[in-house]
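# Notes for the structure review
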Amino acid sequence: MNNGKLKIGIYELTGCAGDALLILDCEKELLDIFKAVDIQSFLMASSDNRDGKLDIALVEGSVSTEREIEELKDIRERAEIVIAIGLCASVGGIQARFTDPNEWKKKYKEVYGDIEMTHTKPVQSKPIDAYIKVDYYLPGCPIGKEQFLDLFTRAVKGTLPERYPRPVCVTCKYNENDCLLNKGIPCLGPLTADGCGSICPNHNVPCFGCWGPVEGANLTSEYYLLKEKGFDIESIKKRMANYSGTKLIDFLKQFKKESK
Amino acid sequence: MKKISVDHLARVEGNGGISATIDGKVVSDVKFSIYEGPRLIEKLTIGLTPEEDVSMSPRICAICSLSHKNAVLRSMENALNIKIHPKSYLCRELMHMGEMVESHSLHTYYLSLPDYLGYPNAIAMASDFELEVKIALEMKHFANHIMKVLSGRYIHGENPIIGGFGTFPSRDELIFIKNRAIQFMPFVKKTVDLFCTLDYPDVPEKETIYACCEPGNSNYGFWGDEILLSTGEKFFRDDYQKLTNEFVVSHSYCKRSRYKGKPYSVGALARVNNLGERFKGETGKMYKKYFNKRWHVNPLFHNAAQALEISYCFERIPELVDEILKYEEDPKAVKYTAKSGKGTGLVEAPRGLLIHHHEITDGRVSLVDIITPTAQNAEDIERYCQIAAQKLLDSGKEDKIKERMELVVRAFDPCISCSAHMAEVTHTPSGSWKNKLEEIRKNSSPVYIGAGQQDRSDDACGIDIAQKLRGLGFKDVWLGSEIIRDDKLEGYTEKNTLVFFDAVDFNEKAGKITVLPLEYILTHSSISHKFVPFAASIKNLSLQKNAYVVGIQPDSVARGNKISPSVQKAVREILNHLRN
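Residues numbered from 1 in each chain as written. Chains lettered and ligands numbered in written order. Predicted model: local features only at pLDDT ≥ 70, side-chain atom pairs only at ≥ 80, totals over all residues.

Scanning chain A for helices and strands turns up eleven helices and seven strands. Burial analysis of chain A (260 residues in total) assigns 50% to the buried set. Long-range contacts, defined as pairs at least 24 residues apart, comprise 76% of the intrachain contacts of chain A with a sequence gap of at least 6. (Helix = DSSP H or I, 4+ residues; strand = E, 2+ residues; numbered from the N terminus. Buried ≥ 20, exposed ≤ 12 C-beta atoms within 10 Å, placed from the backbone. Contact = placed C-beta atoms within 7 Å.)

Attention now goes to the overall build of chain B. A tally of regular secondary structure across chain B gives 21 helices and 18 strands. Buried positions account for 57% of the 580 residues belonging to chain B.

Attention now goes to the sheet that holds strand β15 (residues 477–479) of chain B. Residues and elements named next belong to chain B. Read from one edge of the open sheet, five strands run β15-β14-β16-β18-β17, paired in mixed fashion. Taken across any chain shown, the strands that pair with only one partner, and hence form the sheet edges, are β15 and β17 (513–517). Neighbour-to-neighbour, the strand axes of this sheet turn through a mean angle of 25°, independent of strand direction. Sheet topology places β17 next to strand β18 (residues 547–552); five bridges connect them, and they run antiparallel. Pairing of V515 across the sheet is with V550, part of β18. Taken strand by strand, helix α15 (residues 432–443) contacts β14 (445–450), β16 (496–503), β17 and β18, and its axis lies near 40° from that of β17. Contacting β14, β15, β16 and β18, helix α16 (residues 461–471) crosses the sheet at an angle of about 130° to β14. (Pairing = 2+ DSSP bridges. Axes fitted to C-alpha atoms, helices over the stretch in contact; angles between N-to-C directions.)

Another aspect to go through is the domain arrangement of chain A. Residue and element names in this part refer to chain A. According to the domain assignment, chain A contains domain 1 (7–156) and domain 2 (168–258). For domain 1 and domain 2, the distance between their C-alpha centroids amounts to 26 Å. In this complex, domain 1 contributes 16 residues to the contact, which on the side of domain 2 involves 16 residues. Broken down by element, the side of domain 1 that touches domain 2 gets its largest block of residues, three residues, from helix α4 (residues 86–91). Here the side of domain 1 that touches domain 2 is built from residues that sort into seven nonpolar, seven polar and two charged. (Domains from an automatic or database assignment. Nonpolar A, V, L, I, M, F, W, Y, C, P; charged D, E, K, R; others polar.)

Attention now goes to the domain arrangement of chain B. According to the domain assignment, chain B contains domain 1 (41–373) and domain 2 (432–579). Centre-to-centre separation of domain 1 of chain B and domain 2 of chain B, based on C-alpha positions: 44 Å.

Attention now moves to the nonpolar core. By size, the foremost hydrophobic cluster in this structure holds 238 residues, and its most contacted members are V59 of chain A together with I146, C385, A389, V408, F500 and V550 of chain B. Ranked by the residues each element gives to this core, the list is headed by helix α12 (residues 302–325) of chain B, at twelve residues. With residues up to four places along the chain from it excluded, the contact list for A389 of chain B reads A20, V27, V30, I401 and M405 of chain B. (Core = buried A, V, L, I, M, F, W, Y, C linked by C-beta atoms within 7 Å.)

Time to look at the environment of D115 of chain B. Residues and elements named next belong to chain B. Mapping D115 onto the fold places it in helix α4 (residues 86–117). Measuring from C-alpha to C-alpha, the distance between D115 and E403 comes to 9.2 Å, with 288 residues separating the pair along the chain. Residues contacting D115, with those up to four places away along its chain left out, are L407 and R410.

Here we take up the sheet that holds strand β11 (residues 352–361) of chain B. Residues and elements named next belong to chain B. Pairing is antiparallel in the open sheet, where three strands are placed in the order β10-β11-β12. Strand pairing shows two members of the sheet lacking a second neighbour, β10 (341–349) and β12 (364–371), which therefore form its edges. Between one strand axis and the next, the sheet turns by 15° as a mean value, whatever way the strands run. Note: β10 against β11, nine bridges, orientation antiparallel. Bridging from a neighbouring strand, T344 pairs with H357 of β11. Where helix α13 (residues 373–394) meets the sheet, its contacts fall on β10, β11 and β12, and the angle it forms with β11 comes to roughly 135°.

A word on the pairing of β14 of chain B. Residues and elements named next belong to chain B. Inspection of the sheet shows β14 paired to β16 by six bridges, in the parallel sense. Across the sheet, residue Y448 finds its bridge partner in β16, namely V499. Sheet analysis places β14 next to β15, joined by three bridges and oriented parallel. Note on β15: the bridge partner recorded for Y448 is V477. With α16 bridging β14 and its parallel neighbour β15, the resulting β-α-β unit is right-handed. (Right-handed = clockwise from strand over helix to strand, strands pointing away.)

Residues and elements named next belong to chain B. Relative to the helices and strands, P299 resides in the loop between α11 (294–297) and α12. Residue class for P299 comes out buried when judged on the 28 C-beta atoms lying within 10 Å of it. P299 sits 113 residues away from F412 along the chain, and the two C-alpha atoms are 7.1 Å apart. Excluding residues that lie within four positions of it along the chain, P299 makes contacts with S265, L269, Y384, V408, A411 and F412.

Turning our eyes to something else, we now look at helix α10 (residues 281–290) of chain B. Residues spaced three or four apart along an α-helix point in a common direction, a consequence of the helix completing one turn every 3.6 residues. Residues and elements named next belong to chain B. By the burial criterion, the buried members of α10 are T283, M286 and Y287. Down the axis, α10 shows its buried residues gathered within 105° of arc, on one side only. Seen from the open side of α10, the exposed residues pointing more than 90 degrees away from its buried face are K288 and K289. Looking at the packing, one finds that the buried side of α10 touches α7 (171–196) and α12. (Arc of directions from axis to C-beta.)

A few words on the pairing of strand β3 (residues 54–60) of chain A. Residues and elements named next belong to chain A. Of all the seven residues making up β3, six are buried; the element is thus mostly covered by neighbouring parts of the structure. Bridging between strand β1 (residues 7–12) and β3 involves five bridges; their strand directions are parallel. Counted as the bridge partner of Y11 is V59 from β3.

Here we come to the confidence of the model for chain B. Residues and elements named next belong to chain B. Looking at chain B, pLDDT values average 87 and 88% of them are 70 or higher. Low pLDDT, under 50, characterises residues 416–424; the stretch is placed with 72 contacts to residues that sit more than four places away or in other chains. Predicted complex metrics record ipTM = 0.87 and pTM = 0.83. (pLDDT = per-residue confidence, 0-100.)

What follows covers the packing of α4 of chain B against helix α14 (residues 401–411) of chain B. All names here are of chain B. In contact at an axis separation of 10 Å, α4 and α14 are set at 150° when each is read in the N-to-C sense. Taken together, the axes of α4 and α14 are roughly antiparallel relative to one another. Taken as a pair, α4 and α14 cross one another with a handedness that is left-handed. Across the interface between the two elements, L111, S112 and D115 from α4 touch L407, R410 and A411 from α14. When its residues are assigned to classes, the contact of α4 with α14 shows three nonpolar, one polar and two charged. (Parallel < 35°, antiparallel > 145°, perpendicular 65-115°, else oblique. Left-handed = near helix turned anticlockwise from the far one by under 90°.)

Take unusual backbone geometry next. At the junction of C141 of chain A and P142 of chain A, the peptide bond is cis and its omega measures out at 0° in the coordinates. Within the secondary structure layout, P142 of chain A lies in the loop between β7 (136–138) and α6 (145–156). A cis amide bond links V203 of chain B with the next residue in sequence, P204 of chain B, at an omega value of 0°. Note that P204 of chain B resides in the loop between α7 and β6 (209–214).

What follows concerns the packing of α10 of chain B against α12 of chain B. The axes of two packed helices give the description: the angle between them and the distance between them. All names here are of chain B. For the pair α10 and α12, interaxial distance at closest approach is 8 Å and the crossing angle is 160°. Classified by the angle between their axes, α10 and α12 sit roughly antiparallel to one another. Along this stretch, α10 crosses α12, giving a crossing that reads as right-handed. Across from G281, E282, T283, M286, Y287 and Y290 in α10, the residues of α12 making contact are A304, L308, S311, Y312 and E315.

Structure follows, in structure tokens:
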């Protein structure tokens with residue numbers, strides 16, 4: 001079919017399917033999305049799926065089985081542009097929290113025992129860029145609707161949006177929230193990438209870091225600031241581990257290095 | 001051998017498939033596989049603070065994220081001995097209504113209805129059913145709105161916290177929700193009429209056990225402190241393992257559950273079967289109008305049950321808003337001092353009973369057990385697909401198997417991210433029984449049992465094999481008569497697999513060998529009767545799911561002492577195979 005529309009595929013690897021669901025949750029825009037492009041594959045929404053050449057592939061979820069490695073490589077071969085959507089595809093997600101392979105093996109055994117899987121072998125959970133080249137990352141657990149629609153409309157016009165190199169605090173200030181850190185509540189806002197609209201602090205709940213670590217943050221300054229305010233740096237680091245996936249290692253290195 | 005498979009189950013949430021293998025005239029294997037990788041959530045949360053766990057556990061599933069939130073909160077609050085304010089309790093129920101309507105409207109209109117109306121997806125359906133699709137979108141949007149107002153955002157909202165809420169919705173927001181819910185009622189009634197009158201096929205139909213939460217006070221509802229079974233049995237929340245008994249299978253990263261060795265079902269259909277009499281108002285009237293005994297036995301009625309529940313929610317939402325508005329003050333989240341404790345939280349997620357169990361030691365999570373609805377339904381999904389596949393094969397409709405299996409799986413609304421793309425049908429090549437026997441021998445220690453009757457010609461073949469195996473020095477070999485009499489199976493565990501040898505009439509060429517799970521024989525209409533005494537005599541029920549029948553097609557089972565040449569040949573083949 002050549003109707004001048006971009007061919008798009010939406011794929012789900014291991015995760016909670018929240019990013020694909022968020023696309024379905026764009027109720028008011030959904031029919032327009034389906035009309036603006038030619039959706040070749042979107043398993044959650046359609047049973048009429050094809051495996052041909054693609055202009056853009058949106059991939060959600062982390063790579064956690066051998067089958068997914070093959071599937072992902074096939075997607076890369078077929079697609080001009082691959083976009084990682086969501087925290088799992090971008091950094092491995094919560095299931096990439098065990099960064100040490102031995103620890104992962106041990107925990108895997110605790111859950112599944114010695115039974116040998118016949119359908120596909122497990123692999124330690126990793127972001128998709130561990131196996132293929134990724135052209136753009138849209139973080140978030142789950143992705144934010146505004147960021148997704150921004151990305152989608154730009155992509156349809158043949159460009160990709162700039163990334164969002166700012167922490168949650170920026171939006172939180174716009175929203176005129178009282179700073180939770182000033183109240184002694186351990187909030188991860190200054191260390192976490194923005195995109196959620198500072199939703200948790202808006203509700204008087206501290207940021208849990210679900211967009212992953214912010215790029216280019218002044219971690220030295222953050223380190224001293226948090227320490228000065230009397231926060232326990234170890235528990236902050238532990239809390240950052242929950243949603244940083246494989247990026248945690250880089251984050252901790254920087255945090256440690258700059259805090260010397 | 002022929003295999004029918006749907007590799008990528010479309011229009012289900014997650015990544016899984018279903019396959020059926022056909023060996024001649026019987027369906028010899030059905031597998032509901034979940035390709036979704038292992039996530040080890042129960043291990044990831046060990047060592048976290050209770051607050052961090054409450055943030056992280058709902059990430060198991062985006063669609064049921066608020067059910068997970070409610071379950072983990074109930075579990076933690078039980079463990080930490082917290083009693084929340086009634087306003088928080090009511091707001092959590094309202095939030096749950098949002099998720100229930102969101103999930104059910106997505107599933108009924110967008111994932112299931114295209115099957116019945118013959119479209120690949122809801123968008124394609126929209127060209128002919130524009131109004132339905134648009135209003136259903138509005139309904140889903142409204143449900144999402146409720147979730148957003150209460151939990152903070154559509155998916156993975158963090159506003160519900162241990163002890164209550166971060167912030168409460170305003171009076172205006174609540175009144176908007178109430179009024180909007182009332183406006184939807186005419187469309188809600190149409191939804192029930194539509195989904196209760198769809199032409200649901202009568203294959204598969206079979207009894208099962210239904211399990212759900214007991215909401216208490218003779219109310220319908222989506223949580224409770226007890227589990228209620230369709231058998232009438234009840235368990236207190238901390239005794240949930242009496243129902244679930246989780247185990248692992250080699251074709252799925254989603255664990256499985258059985259009750260007393262039997263598959264059971266959870267979900268909207270289970271709730272309506274167990275609690276439907278408790279519906280009041282319009283929903284009660286519609287329940288009385290549409291509910292009938294087919295709902296007891298046919299999993300496809302899940303969609304009809306979901307429609308009734310949508311109606312229940314729309315009637316309950318205005319009541320809830322009125323009750324919430326009675327409390328003008330917003331209560332602060334209840335503080336807790338406990339550092340250690342154990343708790344269980346039971347919630348009805350849209351797809352069924354969801355259980356969270358947590359233990360806290362010195363302020364950190366030390367043990368987590370989470371049992372999701374799809375993990376409990378997986379065994380029944382396989383069983384119903386096997387029944388459907390065999391029935392269709394028997395009536396010469398093999399071409400329908402794939403489509404029907406997809407319909408069954410979709411009806412269960414599996415949230416495959418709970419751990420699962422979708423159906424496959426294959427035929428086995430001749431001699432595939434050898435591979436199956438090898439697989440059994442590789443993965444467990446087999447116990448061989450010769451069944452049949454000595455004085456009924458070919459029916460003696462099972463006994464003949466057992467005696468010869470003993471003669472060859474095989475251990476763990478029994479005769480059917482010894483088992484019924486002396487309970488020889490007592491010492492065996494689930495590491496053992498029972499392998500029965502017997503003459504089984506598959507309507508095939510005499511001497512054909514087929515290996516089948518014992519359960520398939522039990523659900524097969526024409527060959528089941530003979531095996532029932534055996535199945536009933538296996539007291540150790542975990543063994544029943546690890547039981548296979550090596551069946552030989554007999555030539556004759558008339559009175560007599562002679563085994564026919566073709567069956568004798570089959571006996572020799574089996575013995576030769578086992579000896580090597």
